[in-house]
Amino acid sequence: MTTTPHTLTPGTTTPGTTTPGTPTPPYAGTRAAGAVTGPVRDHPAGAVSAPGTGRGSDSATGAVSGPASGPAAEARARERAARLESLLGDPLRPANPHGIAALVAADDLRRPPAATERLLTEHGLGAEFVPAALGGRLTRADLLAKVLRPVFRRDLALGFGFGITSLFATAAVWAAGDPRQREETAGLLLGGGRASIVHHELAHANAILRDEFMARAVPGGHLLSGRKDVVMNAARSGAYVVYARTAAERGPRSHSVFLLRPGDLPGDTVRHLPRVHTPGMRGGLFSGLELAGCPVPADALVGRPGEGVALALRTFQVNRCLIPAVAVSAVDTVLHSAVRAVTTGRSAPVARRWHKPLTGVFADLLACDAMATVALRSLSLLPERTHVLAAAVKYVVPDLLRDDLEELASVLGAHGYEHGSPQYGALEKVVRDLPVAGLGHAGTAACQAVIVPQLRTLATRSWFRTEEPPPELFRPGAGLPDLDYRLLGFAGGDDFLPATLLACADRLSAHRALGGALAALGELAEGFAGELRALRTACAALPTGHAGLSDPAVVVLGDRYALVLAAAAVLGVWEGQDGTDPFLADPAWAVLALTRLAGRLGIAAPEPPAGCAEHLLAEVVGRYRAGRSYDLDGTSPDR
């Protein structure tokens, strides 16, 4: 989403004058010490119980309290990810049946990688998509992303085809299903089965989202009719979660959700359509489904009649945060390929012409991970206030990743055309797969439809008024409530990340005259705060209602706002460091990440202070040599 310079570009930044020093925690790390002061908040108090959940919310911040999963839960998630990494083996070994060469070969044949799918089934990966209360291992969405990254680092299509789409399908059941539906669905996934989601039609839809089903009420249940040509795993799923139209008129109560068992449907009312070949994720088993007056019992209804749109708006938030988070891992693999290309067989340092793309893409991946991770964590901590942020994540991260792939293609050069190569073959496959994974035009349009209508309300009622979110949102290892799909909201709620941006800019203001990376970070933070002020003025002047929401100038305001949220996430994650990871505690990565975001907005941002780029380049090369990932966790196969 590279936006052109616009009249909403107040403020400039000035470079620092000293190099980053020895890595230390950012001034206070936890906002509680040193010369920089700011609000200090512990776990929310005074919580009131949310009906039927045993959990509560803080009246001031909206934070949910309840069973908290902290360092021990994160450690268990990392252990599961490490176990999965070990099972999948060295991705670069040509003979590895689960390595990149084997996965690309299966993709060429347009087949799922059968051996790897069997391995994942035997490993019990399906349990990751089932809430812990139902016997699975799903506690928090941010921890799920950590566990899934070893799969997505190797193959996006494998991650989708094996199971993540089952989570997207069953989300409505976790959110609104009755006890029997929840238990039976949990048993299906825990037993290695799959579920398919049959979406309702969306504006600007691609083939996966187009077409819909109709459900007509009859005594004892409904008759379902309709056709959908592209459904992931339709031919091999043990459950269909169908969003079907139950009202002729358009509106918020036009659709309902039904949980169907393929084996229970009368054969003469069901027709499985041929497989559909897609340009990306070519090993994915997409095929069609047609129902003609198919009778389904009353107990197939999930939730209340007419609740389908609301359930989609609530549960799709998880999808919108999780897909970008795991997509970072796929581009991570391509960055490793690029570093390999410029270092293999070379004893001299990396050629200077590659410094900017390598460090820039690395900074982007950290920014993407920061934004996605904050959103995933907020689904647990601030479930009623995440809907706009979730759309912004799905809006910003794919654009950054697509641009990063273009930069990496220039670094890889001819290596990028080494089809099937374990060392260099990931680029062309990731480029093909990203749009099919919902990270193309249809996903962008759907996210715009969430963000743009909210701009005027946010500008007049939330920005510059809302309290900062609890620091646990950004603090690694902090205890958070488990994800509860029943608590996810999709309307109202304050916009908390702009409050983080403004408060961080204020805390950094005392450092802006001192020079160096910290001063540069303060200047950048103030630049983004100025952008938010300009956005407030422009968005507050928007007309009420839906008039003008499709105006390109209004859509640009949504673009700019989403990038401001990305900057706020970077600042929050950096400020939340406790010094355990010296690299993340140093401001250099945040300076470079914000500089690149500022460039997209047209905010004047001079070159980062001397030493910042060198600091990141050393980390890029060091992580490559150690086999560590290029996300915030920086994991290696043995961690």
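Rules and cut-offs
- Along every chain, residues carry numbers that run from 1 in the direction the sequence is written.
- Only residues with pLDDT of at least 70 are given local features in this predicted model, and only at 80 or more are side-chain atom pairs given and counted; all residues enter the totals for whole chains, interfaces and linings.
- Remark: hydrogens and water are excluded; side-chain values derive from all non-hydrogen atoms of the structure.
- Aromatic contacts are taken between Phe, Tyr and Trp rings whose centres are within 6.5 Å, Trp giving its six-membered ring; a plane angle under 30 degrees counts as stacked, one over 60 as edge-to-face, and the others as tilted.
- Only when the NZ atom of a Lys or the CZ atom of an Arg is both within 6 Å of the ring centre and within 35 degrees of the ring normal do we say a charge sits over the ring.
- The way it works is that DSSP assigns letters per residue, a run of H or I at least four long becomes a helix, a run of E at least two long becomes a strand, and they are numbered from the N terminus.
- Any pair of nitrogen or oxygen atoms within 3.5 Å is treated as a polar contact; in protein, a donor-acceptor pairing is required on top of that, and neighbouring residues in sequence qualify only through side-chain atoms on both sides.
- It only takes one pair of heavy atoms within 4.5 Å for two residues to be counted as in contact.
- As used in this record, nonpolar core signifies buried Ala, Val, Leu, Ile, Met, Phe, Trp, Tyr and Cys residues forming a set joined through side-chain atoms within 4.5 Å.
- Each residue gets one of three labels from its accessible area relative to the maximum for its type: buried under 20%, exposed over 50%, partly exposed in between, using a 1.4 Å probe on protein chains only.
- Here, expected helix span is obtained from the residue count minus one, scaled by 1.5 Å.
- In short, DSSP must find at least two bridges between two strands for them to pair.
- The score called pLDDT rates the predictor's confidence residue by residue, from a low of 0 to a high of 100.
- By definition here, a salt bridge exists when the distance from a side-chain nitrogen of Lys or Arg to a carboxyl oxygen of Asp or Glu is within 4 Å.

J.: Explain the packing of aromatic side chains to me, using residue names and the numbers behind them.
T.: Enumeration over the complete set of coordinates arrives at 6 aromatic pairs. Joined through ring pairs, the aromatic side chains of F152, F160 and F168 make up one cluster. Positioned above the aromatic ring of F464, the side-chain terminus of R536 is 4.0 Å from the ring centre.

J.: Could you give an account of the side chain of D631, naming the residues involved and the relevant values?
T.: With respect to the helices and strands, the residue D631 is situated in the segment after α18 (612-626). There is a polar contact of 3.3 Å between the side chain of D631 and the side chain of R149. A polar contact of 2.9 Å, which involves the side chain of D631, links it to the backbone nitrogen of G634. If sequence neighbours within four positions are ignored, D631 has contacts with R149, R153, D332, L366, D369 and R623.

J.: Got a sec to walk through the nonpolar core? Specific residues and values, please.
T.: By size, the foremost hydrophobic cluster in this structure holds 179 residues, and its most contacted members are F160, M371, Y485, F528 and W589. Here the element with the most residues in this core is helix α7 (residues 308-343); it accounts for 19 residues. Residues within four places of W589 in sequence aside, it is in contact with L366, V570, V573, W574, F583, L584, L616 and L632.

J.: Can you break down α18 residue by residue, with the values?
T.: Helical periodicity: at 3.6 residues per turn, an α-helix aligns residues three or four positions apart in one direction. The end-to-end C-alpha distance of α18 is 21 Å, a good match for the 21 Å that 15 residues give at a rise of 1.5 Å each. Of all the positions in α18, only C612, L616, L617, E619, V620, V621, R623 and Y624 are classed as buried. Looking at the buried side of α18, the elements it contacts are α7, α8 (355-381), α14 (516-540), α16 (582-585) and α17 (588-601). Where α18 terminates, the next one or two residues include G627, which has phi positive at roughly 70 degrees.

J.: Lay out the pairing of strand β8 (residues 239-245) with the relevant residues and their values.
T.: Looking along a regular strand, one sees the side chains alternate between the two faces of the sheet. With 7 of its 7 residues buried, β8 lies for the most part within the structure. For strand β5 (residues 195-198) and β8, the ladder comprises 4 bridges, and the chain directions are parallel. Within β8, the position partnered with I197 by the bridge is V241. Sheet topology places β8 next to strand β9 (residues 255-260); 6 bridges connect them, and they run antiparallel. Note on β9: the bridge partner recorded for A244 is S256.

J.: If you had to explain the confidence of the model for the protein to someone new, which residues and values would you point to?
T.: Scored by pLDDT, the protein comes out at a mean of 87, with 85% of its residues at no less than 70. In the model, residues 202-210 has pLDDT below 50 throughout and makes 20 contacts with residues more than four positions away in sequence or in other chains.

J.: Any chance you could break down the pattern of salt bridges for me, citing the residues and the numbers?
T.: Note that side chains of opposite charge can pair when their charged atoms are close. Scanning all chains against the criterion turns up 43 salt bridges. Across the pair D107 and K429 runs a salt bridge, and its minimum N-O distance is 3.8 Å. Of the two residues, D107 is situated in helix α2 (residues 100-108) and K429 in helix α10 (residues 426-439); the sequence distance between them amounts to 322 residues. Both residues of the pair, D107 and K429, count as buried. The partner of R432 in a salt bridge is D107, with the nearest N and O atoms 2.8 Å apart. Taken together, the residues R432 in helix α10 and D107 in helix α2 connect sequence positions 325 residues apart.

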